Amino acid sequence: MRKALISATALAIAATLLAGCTSGLSSSGGATSGSDDKTPVTITMWSFFTGREKSDVDARLAAFHKQYPWITVKQVGGQSDDTLLQAVRGGTAPDLALSQNSDAVSSYCATGTFENLQARIDSSGVAMNTILPSTKNYTKYAGKQCALPVLADVYGLYYNTSAFAKAGITEAPKTWDALSADAKKLTTFNPDGSIKTAGFIPFLDFFENNVSTVGAGWGLKWYESNGKAAMGSDPQWAAMFDWQKKLVDWYGYSKLQKFVAGLGAEFSAQNPFQTGKIAITVDGEWRVAFAADQAKDFSYATAPIPNVDAAKYGSGLISGTTVGIPQGSKHPDQAWLLAKYLATDTSNLVDLTLKLRNVPTTTASLKDSSIRTDKQFNVMLDIAANKYTTSVPGTPAGAAPRELLTKFAQSWEAGKVSNLHSGLAQVAKQIDSQIAQASAGNSQ
Amino acid sequence: MTSITAEVHGRTVDARARGAARRRRRNRSRLTILAFLSPGLVGLVVFFLYPLAANLYYSFTHFDLMNSAVWAGLANYRFMLNGDRQIGDALVNTLVFCVIAVPVQLLFALGVASVMARVRSGAGIYRTLFYLPTLLPPVAATLAFTFVLNPGTGPVNAILKALGLPQPLWFSDPAYAKSGLLMLTVWGIGNTIVILLAATLEVPVELQEAAQLDGANGTKRFWHVTLPSIAPVLLFSTIIGVIQSLQIFTQPYVVSTIVGNGSGTTADNLGYPQNSMLFFTEVLYQQGFRYFNMGYAAALSMVLFAATLLVTLVLVRATRRQFHGDGG
């Protein structure tokens, strides 16, 4: 009897402890003081910005404070999505957060990491039709608008004009075959056969070359209407990988690997495009600012990435910074005022565009003539405004689909995949499993 | 008759009293032992048994740390077997690395320890030199190796080129990536070297001398005297080596991040190149701390725990007879 009592007590304690750990976080945010409450308050905003960029954003936060004098914003820079998630899950979330991982927002919507903003949008009358429609893929999931875009990244083709002139190439390639032909003309070899300068690095895991940025020019379908991954059923995926492999084989995989291993870092002054080691590269709009800062005498031009559909040439991939109110925000009403300001205030977006050299995300700010200050940057603005510009559809599995495709690309370009079609079908299956696994706990 | 009964009764009472006193003493002694053990027991319950039980429970749930855990039965284990295609690569890589790395590390450590045990002068310098890599943080050591083995700019390939030898892509080539990792872990095996050196120096000199008088040469003395004497320490080092190999994380994580073509995000490169550096713990990290599939990560950690326990038990049982003669 005594033993049974002890066992029952132990079980009860264990069950209580386990239940305590499974309760999760409270679904409600912080104290709702109402949007009319003008009690002075300091709110915290986490961002990934550091150094000069953080100072530029701080200047905008000072402008926000002038407009809303009772709200002081403390920006904590250098925060990644990983640290944000850990803080939210640890109950120490900031009041507002800027995320640079647009792949992840759909999982933030699905899990409740970011609050659903729809009610706040409706009550404050934010005109969602002024926000670029191509950003919806990464700010909204399953009917929940849980983030707003604040500046975007668009990807285009950067090419070395001196190298083009030397090779007798007069314009940027508009088709993928033209890009291959130009890359071959622009590549030079050392006497021992190793690559001296590469026309284009066709790896799909090199700097900003990846399945998302390059795939935007291949008219890829990511998911079927039933939600299943379409890599096995949409022939464009195989076409893209086939094109890529042919160019890898032309260089020789080992030669290319060895060349890539010796290149400078992407965001350093030794960036191989800026130092002339690579003649054509896919990169984000920020490269304009980096090149101006790190390689003043370097001559280059920008263009949209090639497209398999001539009618869609001029478009590309858009992704970018989002702002959301994390679960556990202590001042969600004040945080919303700041989120709305950052995402929709034209003067704010124009100023940030000029300073950070990212692309604005409302139609009004994109049309503002004051941001068209640089010929190369204007190309990026036009890509953002193009009606065919797309973003990668989000899933509850966050970045997992892209990561699984990248791993597949690494094996494929190394010649380790014997059958492309069955390989892609397997990746699709794997993505479906990962999404199903990630969705399983989000039914509540 | 009455007096006999009384005497017997008296003896019984005395015996009972003595028994009760003995029991009291025993109980007091047990309580004292328990009191001394209690800090350790509390630590065991709070920091091992409870987390283990909680982890076991979560392995049967879908849990993202944000919402309450949802009971999922065996779904996570089914996903491990049927849905997660990365786990096969991770399992093979982990086992292959364990099977190769543990013997290589032990042989290297034993060889160095045996040589150092014979060194007469400058022993301290050699011991320091071999132990120094252990003091280096694993991340820093791994970074240094990625630079040294960089196929384009590293000194190793420059030397190989000067000698007219083939220059592997090292951490960029799945055929060589594990070799690079093996070199890195062998380079940092100073702890085991010190333990084996201490054990070797503890082997009774009279045993060595007796064997020498019996005509045993150096190899025979090592095989029949030194090795049996240090066998328990070797077993300890083997078990620690197996556990460390099964749980290897930092070095392949850093290598894949640094070498993976600089494609920006860590997760894209986890296991780079071509999943050859994808180890069990990395899948666990990816699922738990990047995708926040905590339930599945808990299931993975239960499998890792069970595998480690099983290997340890097998090793202990297999070697028990060696140490205790008849298996006692």
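This one's a predicted model, so the numbers in the text were calculated from it and none came from an experiment.

Peer 1: Got a minute to help me understand the domain arrangement of chain B in this structure?
Peer 2: Accessible area lost upon the coming together of the parts serves often as the stated size of an interface. Each assigned domain of chain B is listed here: domain 1 (1-37) and domain 2 (76-325). Just the C-alpha atoms count here: the centres of domain 1 of chain B and domain 2 of chain B sit 58 Å apart.

Peer 1: Just checking my understanding: could you explain the nonpolar core for this structure?
Peer 2: A general feature of soluble globular proteins is that nonpolar side chains tend to end up buried together. Judged by nonpolar contacts, the single largest core of 67 residues is most densely connected at Ile201, Met231, Trp237, Met240, Phe241 and Ile431 of chain A. Beyond its immediate sequence surroundings of up to four residues, Trp237 of chain A is in contact with Val211, Leu220, Lys221, Trp222, Ala230, Met231, Leu405 and Leu424 of chain A. With 37 residues, the next largest nonpolar core counts Ile193, Val203, Leu278 and Tyr296 of chain B among its residues.

Peer 1: How should the layout of surface pockets be read in this particular structure?
Peer 2: Over the atoms rolls a probe the size of a water molecule, and in doing so it shows where empty space is left. Residue and element names in this part refer to chain B. Empty space within the second largest pocket amounts to approximately 670 Å³. Lining of the second largest pocket is provided by 28 residues; of these, Thr185, Gly188, Ile189, Gln244 and Gln251 occupy positions nearest its centre. Listed by contribution, the elements that provide at least two residues to the lining of the second largest pocket are helix H3 (86-118), helix H4 (123-135), helix H5 (138-148), helix H7 (174-187), helix H8 (190-201), helix H10 (218-246) and helix H11 (250-259). At six residues, the largest contribution of residues to the lining of the second largest pocket is made by H10. Residues of the lining of the second largest pocket, tallied by class, amount to 14 nonpolar, 14 polar and no charged.

Peer 1: Mind showing me how you'd approach helix H7 (residues 176-186) of chain A here?
Peer 2: In an α-helix there are 3.6 residues to a turn, and that puts residues three or four apart on one side. Residue and element names in this part refer to chain A. Listing the buried residues of H7 in full gives Trp176, Leu179, Ser180, Asp182, Ala183 and Leu186. One side of H7 carries all its buried residues, which in axial view fall inside an arc of 170°. The exposed residues of H7 that point more than 90 degrees off its buried face are Asp177 and Lys185.

Peer 1: What is the right way to read unusual backbone geometry from this model?
Peer 2: Note on backbone geometry: most residues besides glycine have negative phi, and most peptide bonds are trans. Omega for the peptide link from Tyr272 of chain B to Pro273 of chain B comes to 0°, which places this bond in the cis form. Within the fold, Pro273 of chain B resides in the loop between helix H12 (266-269) and helix H13 (280-290). In this structure, Ala142 of chain A is a non-glycine residue whose phi angle is positive, near 50°. When you line up the elements, Ala142 of chain A lands in the loop between strand E4 (140-141) and strand E5 (144-145). Although it is not a glycine, Phe292 of chain B sits at a positive phi angle of roughly 55°. Mapping Phe292 of chain B onto the fold places it in the loop between H13 and helix H14 (294-324). Under the relative-accessibility criterion, Phe292 of chain B is labelled buried at 4%.

Peer 1: Please explain the state of the cysteines as it appears in this structure.
Peer 2: As used in these notes, a disulfide is a covalent bond between sulfur atoms, one from each of two cysteines. Residue and element names in this part refer to chain A. With the rule as written, the count across this model stands at one disulfide over all chains. Each disulfide pairs two cysteine sulfurs, and for Cys109 the partner residue is Cys146, the sulfurs being separated by 1.7 Å. Disulfide Cys109 to Cys146: torsion about the S-S bond roughly -80°, handedness left-handed. Of this pair, Cys109 sits in helix H4 (residues 105-111) while Cys146 is found in the loop between E5 and strand E6 (148-160), placing the two residues 37 residues apart along the sequence. The class for Cys146 is buried, based on a relative accessible area of 0%.

Peer 1: I would appreciate a short explanation of empty space enclosed by the protein in the present structure.
Peer 2: Residue and element names in this part refer to chain A. As enumerated under the stated definition, the model contains four cavities of 30 Å³ or more in all. The space that makes up the largest cavity amounts to roughly 90 Å³. Lining of the largest cavity is provided by 13 residues; of these, Asp103, Val392, Pro393, Gly394 and Gly398 occupy positions nearest its centre. Partitioned by chemical class, the residues of the lining of the largest cavity number six nonpolar, five polar and two charged. By volume, the second largest cavity is sized at about 60 Å³. Among the secondary structure elements, those contributing two or more residues to the lining of the second largest cavity are E6 and helix H13 (346-356). Taken together, the residues of the lining of the second largest cavity sort by class into eight nonpolar, one polar and no charged.

Peer 1: Which parts of the structure should I look at to understand the interface of chain A and chain B?
Peer 2: With 49 residues of chain A at the contact, the number on the chain B side is 50 residues. On the surface where chain A and chain B come into contact, there are three salt bridges. With a closest N to O distance of 3.6 Å, Lys161 of chain B and Asp192 of chain A form a salt bridge. Inspection of the chain A/chain B interface yields 13 residue pairs in polar contact (both at pLDDT 80 or more).

Peer 1: Would you explain the pairing of strand E13 (residues 318-324) of chain A in this entry?
Peer 2: Consecutive residues of a regular strand have side chains that alternate between opposite faces of the sheet. Residue and element names in this part refer to chain A. In terms of residue burial, E13 counts as a mostly covered element, since seven of its seven residues are buried. Examined bridge by bridge, E6 and E13 share five bridges and lie antiparallel to one another. Bridging from a neighbouring strand, Leu148 pairs with Val323 of E13.

How each quantity is defined
Residues numbered from 1 in each chain as written. Chains lettered and ligands numbered in written order. Predicted model: local features only at pLDDT ≥ 70, side-chain atom pairs only at ≥ 80, totals over all residues. Heavy atoms only, no water. Domains from an automatic or database assignment. Core = buried A, V, L, I, M, F, W, Y, C linked by side-chain atoms within 4.5 Å. Buried < 20%, exposed > 50% of the residue type's maximum accessible area, 1.4 Å probe, protein only. Contact = heavy atoms within 4.5 Å. 1 Å grid on protein atoms, 1.4 Å probe; cavity = no way out; pocket = protein on both sides within 12 Å on 5 of 7 lines; lining within 4 Å. Points joined across faces, edges and corners; volume = space filled by probe spheres on them. Helix = DSSP H or I, 4+ residues; strand = E, 2+ residues; numbered from the N terminus. Nonpolar A, V, L, I, M, F, W, Y, C, P; charged D, E, K, R; others polar. Arc of directions from axis to C-beta. Disulfide = S-S within 2.5 Å. Salt bridge = Lys/Arg side-chain N within 4 Å of Asp/Glu carboxyl O. Polar contact = N/O pair within 3.5 Å; in protein donor to acceptor, adjacent residues only side chain to side chain. Pairing = 2+ DSSP bridges.

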